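As a plain string of letters, each chain reads:
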Amino acid sequence: MYLLRLALASLANRRFTAFLTAFAIALSVCLLLAVERVRTEARASFASTISGTDLIVGARSGSVNLLLYSVFRIGNATNNIHWDSYQHYAGDPRVKWAIPISLGDSHRGYRVMGTSTDYFSHYQYGRRQHLELSQGRPFADNPFDVVLGAEVAEALHYKLGDKLVLAHGVAAISLVKHDDKPFTVVGVLKRTGTPVDRTLHISLAGMEAIHVDWHNGVPARGAGRISAEQARGMDLQPTAITAFMLGLNNKIATFSVQREINQYVNEPLLAILPGVALQELWSLMGTAEQALFVVSLFVVLTGLIGMLTAILTSLNERRREMAILRSVGARPWHIAGLLVLEALALAVAGIVAGLGLLYAGIALAQGYVQANYGLYLPLAWPSSHEWTLLAIILGAALLMGSVPAWRAYRQSLADGLSIHL
């Protein structure tokens, strides 16, 4: 105990250097734990982008590609699927609900999705959370109603009643716009932290209406054009959609329905389990995730090396101090133990300060991060994995502290200051 008091007194005597060393360790510990928590929550958030959906069905391609364009609005489908195929499975007695998805248009860089009102009733994210409107209502009988995701409304400063024009294709800048058929904002969804926030939602009838006078991917000209009022009175049932989601009455039937869809004879379809596809996609991103973790470990190592450097640099300056200690009866192993305890005290101080910085940062940024990135960072005690990382940091500090301790031990012997009785 007296060695610990002596170590603390020695650090107090060099308080400025000790403070900077402990602060460097604190920053590195804070970064490591912050990265670890963000990794953990990002994985959980990624896995909960869609929940409660048993199967996603689209044209036969790859499972990751189907997941990307149907859920994350990234990329494009290899082909559309027939409306009859959707109706066939939507009416299956094993199916509880079905959500059609039609993609292909955009607005100022944000994707447009055509769907049905079942989307607002049955689509779930997170921990079985349903979509909610922050203002307005879902689209109704008017095919030119649009419901905005929270990010779209905020970034483009739209409010209820505003008019907007959709563009053909998914480029940020499109030369072909559906400016003869503007849409009216009737609702804005609450923020979810998922791709829903970056999507404009219209009805399938609206998607058909803006393309009703298009032929072979080209809009009609002159007398062949159909106005918005004329389109309202037409049969706007789609002939094809991009994909659809299914919720089943019985989860046990999931694999049998999936196998049946994959063997559908009328057209090549692919049915995927969202959870399995999400894990497959996350595994592709695992390299970047691990790289971020390794970088944070190196930052911690840098902090510990800074501590080692500070202690080693002070050794020659402290030889007088050690000589005095030896003269009053301290053994060489006492000197070595003193330096080890100093390293341990600096590491403990750095870890405690790092935890304080972490929780202060979470408390300040928790609401902002959740609102803008969908990541909930809890103010919770460190997990078992985090305790393990902290224990490793302490062990590394002790190991590094043993280097100057060994040098001080050898110097004490070399200086010939052993006491003769």
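What counts, and where the lines are drawn
Residues numbered from 1 in each chain as written. Predicted model: local features only at pLDDT ≥ 70, side-chain atom pairs only at ≥ 80, totals over all residues. Heavy atoms only, no water. Helix = DSSP H or I, 4+ residues; strand = E, 2+ residues; numbered from the N terminus. Buried < 20%, exposed > 50% of the residue type's maximum accessible area, 1.4 Å probe, protein only. Contact = heavy atoms within 4.5 Å. Areas by Shrake-Rupley, 256 points an atom, 1.4 Å probe, with all protein chains shown as cover. Phe/Tyr/Trp six-rings, centres within 6.5 Å; stacked < 30°, edge-to-face > 60°. Core = buried A, V, L, I, M, F, W, Y, C linked by side-chain atoms within 4.5 Å. Pairing = 2+ DSSP bridges. Polar contact = N/O pair within 3.5 Å; in protein donor to acceptor, adjacent residues only side chain to side chain. Patch = residues over 30% accessible without salt bridge, like charges linked within 9 Å, V, L, I, M, F, W, Y side chains within 5 Å. Salt bridge = Lys/Arg side-chain N within 4 Å of Asp/Glu carboxyl O. Arc of directions from axis to C-beta. pLDDT = per-residue confidence, 0-100.

**Thoughts on the overall build of the protein chain**
So, step 1. What the protein chain contains, in helices and strands, is 13 helices and 17 strands.
So, step 2. Looking at the protein chain residue by residue over its 421 residues, the buried ones come to 48%.
So, step 3. At a minimum sequence separation of 6, the contacts of the protein chain that also span at least 24 residues come to 78%.
So, step 4. Per element, the accessible surface of the protein chain, about 20,700 Å² overall, is 61% carbon and sulfur.

**Here's the deal with the packing of aromatic side chains**
Given two aromatic rings, their pairing is described by the distance between the two centres and the angle made by the two planes.
So, step 1. A complete count under the given rule lists eight aromatic pairs for this structure.
So, step 2. An aromatic cluster of at least three residues, connected via ring pairs, comprises Tyr119, Phe120, Tyr123 and Phe139.

**Comments concerning the side chain of Ser102**
So, step 1. Mapped onto the fold, Ser102 is located in strand 3 (residues 95–107).
So, step 2. Since its relative accessible area comes to 9%, Ser102 is described here as buried.
So, step 3. Contacts of Ser102, omitting those with residues within four sequence positions, involve Val112, Met113, Gly114, Leu204, Met207 and Thr242.

**Examining the nonpolar core**
So, step 1. Among the nonpolar cores identified, the biggest contains 32 residues, and Ile56, Leu67, Val71, Tyr119, Tyr123 and Met245 are the most heavily contacted of them.
So, step 2. Sorting the residues of this core by element identifies helix 3 (63–70), strand 3, helix 5 (118–122), strand 11 (183–189), strand 16 (243–248), strand 17 (269–272) and helix 10 (274–315) as the ones contributing at least two each.
So, step 3. With residues up to four places along the chain from it excluded, the contact list for Tyr123 reads Thr49, Ile50, Val71, Ile99, Asp118, Gln129, His130, Leu131, Val196 and Met245.

**Regarding the pairing of strand 11**
So, step 1. Burial of strand 11 is extensive: seven of the seven residues sit out of reach of the surface.
So, step 2. Pairing analysis gives three bridges linking strand 7 (residues 133–136) to strand 11, with the strands arranged antiparallel. Paired with Leu133 across the two strands is Leu189, which belongs to strand 11.
So, step 3. Here strand 8 (residues 145–148) runs beside strand 11; their pairing, made up of four bridges, is parallel. Across the sheet, Val147 pairs through a bridge with Gly187, a residue of strand 11.
So, step 4. Where strand 9 (residues 163–164) meets strand 11, two bridges bridge the pair, whose relative direction is antiparallel. Bridge pairing links Leu164 to Phe183 in strand 11.

**Some words on unusual backbone geometry**
So, step 1. One non-glycine residue, Arg73, lies in positive phi territory at about 60 degrees.
So, step 2. With respect to the element layout, Arg73 can be found in the loop between helix 3 and strand 2 (81–82).

**Considerations on the side chain of Asp92**
So, step 1. Relative to the elements of secondary structure, Asp92 occurs in the loop between helix 4 (83–90) and strand 3.
So, step 2. Asp92 gets classed as buried once you look at its relative accessible area, which sits at 12%.
So, step 3. Only 2.8 Å separates the side chain of Asp92 from the backbone nitrogen of Arg94, close enough to count as a polar contact.

**Overview of the environment of Ala77**
So, step 1. Mapped onto the elements of the fold, Ala77 is located in the loop between helix 3 and strand 2.
So, step 2. Residues contacting Ala77, with those up to four places away along its chain left out, are Tyr69 and Thr242.

**Points about the environment of Thr239**
So, step 1. Checked against the element boundaries, Thr239 lands in the loop between helix 8 (228–232) and strand 15 (240–241).
So, step 2. Distance in space between the C-alpha atoms of Thr239 and Asn80 is 9.7 Å, their sequence separation being 159 residues.
So, step 3. The contact partners of Thr239, leaving out residues within four places of it in the chain, are Ile81, His82, Trp83 and Glu208.

**Some remarks on a nonpolar patch on the surface**
So, step 1. Taken together, the side chains of Phe16, Phe19, Leu20, Phe23, Leu27 and Leu357 define a hydrophobic patch exposed on the protein surface, amounting to about 600 Å² of accessible area.
So, step 2. If one sorts the elements of the nonpolar patch by residue count, helix 2 (residues 15–47) sits on top with five residues.
So, step 3. Among the structural elements, Phe23 can be located in helix 2.

**Remarks on helix 9 (residues 254–262)**
So, step 1. Taken together, the buried positions of helix 9 are Thr254, Val257, Gln258 and Ile261. Seen end-on, helix 9 carries its buried residues on one side only, within an arc spanning 100 degrees.
So, step 2. Residues of helix 9 that are buried make contact with strand 1 (55–59), helix 4, strand 16 and strand 17.

**Re the pairing of strand 12 (residues 199–203)**
The side chains of a regular strand alternate between both faces of the sheet.
So, step 1. Most of strand 12 sits inside the fold, with five of its five residues counted as buried.
So, step 2. Side chains Thr199, His201 and Ser203 of strand 12 all project onto a buried face; the interleaved residues Leu200 and Ile202 project onto the opposite face, where all are buried too.
So, step 3. In terms of strand pairing, strand 4 (residues 110–115) meets strand 12 through five bridges, oriented parallel. Paired with Met113 across the strands is His201, a residue of strand 12.

**Things to note about the environment of Glu260**
So, step 1. Secondary-structure assignment places Glu260 in helix 9.
So, step 2. Glu260 sits ten residues away from Leu270 along the chain, and the two C-alpha atoms are 9.9 Å apart.
So, step 3. In contact with Glu260, other than residues within four places in its own chain, are Tyr89, Asp92 and Arg94.

**Here we look at the pattern of salt bridges**
So, step 1. In the structure shown here, the tally under the stated rule is twelve salt bridges.
So, step 2. Measuring nitrogen to oxygen at the nearest pair gives 3.5 Å for the salt bridge that ties Asp180 to Arg225. Residue Asp180 is found in the loop between strand 10 (167–168) and strand 11, and its partner Arg225 is found in the loop between strand 14 (218–219) and helix 8; the two are separated by 45 residues along the sequence.
So, step 3. Where salt bridges share partners, they join Asp180, Lys181, Asp213 and Arg225 into one cluster.

**Overview of the confidence of the model for the protein chain**
The predicted structure's coordinates, where accompanied by low pLDDT, should not be read in detail.
So, step 1. When pLDDT is averaged along the protein chain, the result is 82, and 82% of the positions lie at 70 or above.
So, step 2. When the criterion is pLDDT under 50, residues 416–421 qualifies, and its contacts beyond four places in sequence or with other chains add up to seven contacts.

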